[in-house]
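Reading the structure
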Amino acid sequence: MPQDFNQPIIDEFRANQGQVAMFDGARLLLLTTTGARSGAGHTTPVGYLPDGGRMLIIASAGGAPRHPAWYHNLLAEPRVQVEDGVFTYQAEAVVLKGEERDSAFARAVETDPGWAAYQAKTSRVIPVVALTPLGGGPNAGRGGDMLVAVHDAFRRELRLIRKEVAASGTGGLGVQLRVNCLTLCQGLHHHHTIEDARMFPGVEGRYPELGQVMERLRAEHETVARLLDELQRLLADGEPDVAADRVLAEVERLTTELEAHLDYEEQYLVPILNAF
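Throughout what follows, the structure given in this document is the object of discussion. (Residues numbered from 1 in each chain as written. Predicted model: local features only at pLDDT ≥ 70, side-chain atom pairs only at ≥ 80, totals over all residues. Heavy atoms only, no water.)

**Looking at the layout of surface pockets**
- Roughly 1400 Å³ of internal volume is contained in the second largest pocket.
- Every residue lining the second largest pocket is counted, 47 residues in all, and those nearest its centre are Leu28, Val46, Gly47, Tyr48 and Trp115.
- Here the lining of the second largest pocket gets six residues from one element, more than from any other, and that element is strand S2 (residues 41-47). (1 Å grid on protein atoms, 1.4 Å probe; cavity = no way out; pocket = protein on both sides within 12 Å on 5 of 7 lines; lining within 4 Å. Points joined across faces, edges and corners; volume = space filled by probe spheres on them. Helix = DSSP H or I, 4+ residues; strand = E, 2+ residues; numbered from the N terminus.)

**Some remarks on the packing of helix H3 (residues 98-111) against helix H6 (residues 175-206)**
- Relative to each other, H3 and H6 sit at 95°, their axes nearing to 7 Å. As far as their axial angle goes, H6 and H3 are roughly perpendicular. Packed against H3, whose contacting residues are Arg107, Glu110 and Thr111, the element H6 presents Val175, Gln176, Leu177 and Val179 at the interface.
- Residues belonging to the contact of H3 with H6 are distributed by class as follows: three nonpolar, two polar and two charged. (Axes fitted to C-alpha atoms, helices over the stretch in contact; angles between N-to-C directions. Parallel < 35°, antiparallel > 145°, perpendicular 65-115°, else oblique. Contact = heavy atoms within 4.5 Å. Nonpolar A, V, L, I, M, F, W, Y, C, P; charged D, E, K, R; others polar.)

**Description of the nonpolar core**
- Ranked by internal contacts, the top residues of the largest apolar core, which has 27 residues, are Val165, Leu173, Leu231, Val247 and Leu254.
- Sorting the residues of this core by element identifies helix H5 (143-167), H6, helix H7 (211-234) and helix H8 (244-275) as the ones contributing at least two each.
- The dominant element in this core, judged by the number of residues it contributes, is H5, at seven residues.
- With residues near it in sequence (within four places) discarded, Val165 still touches Leu173, Leu177, Ala244, Val247 and Leu248.
- If you look at the next biggest cluster of nonpolar residues, it comprises 17 residues, including Leu31, Trp70, Ala93 and Leu131. (Core = buried A, V, L, I, M, F, W, Y, C linked by side-chain atoms within 4.5 Å. Buried < 20%, exposed > 50% of the residue type's maximum accessible area, 1.4 Å probe, protein only.)

In structure tokens, the structure reads:
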């Protein structure tokens, strides 16, 4: 897309922790590549598919006969910058090949037939690119505000997954939707592990009077962990035809517990973290 179309999207994305009104309900990131000829940075909004510890982006260019400029750029320099609305980090871009590419593209088509329509419009094989994070950190801001931003990202992803599972009907769950659920589980587990190891001990060291609050937060982590385990077991390969309504029931249970936990944590910790 031309830059005069992209720039308002980029500005809104950065101003609203990754939310863009015209792409409500979509997973969006900002990809900054190094120009193959100019050497300058070029930022482009792109949709993505969760894929465990990485993200998949598709160089469709709307089915145009040529690959998008950002694809040519990352071929020349695979080190890129990714912004997800909360974190900004470097990532390694790898173009998927053969069966891996075909499987990933089929998952994309499963979630949105528009990808198949783009492929039908062009003679080129539309590339699928995996972005693997190389480390980074939260965007600038006070600690409590950043905690809310992280929580809101989980809340948005849960809303998306609930909507996707509900829309899948009464049949079995699609492959990409399984991946979306498992990626969420992985992200929540990682977030709570960091809180337990780093943030909670730091808060207790400064505010010992919050002992009961921290005890409750840790107990809620255990409850969420149990629900995550149950959801992951339901999605395991041993049950390939698990019904969407069963998954939705588990996601709803997780959502209820998690939202109450996030609200309670923000009530007590956001003012403290902002004062650090």
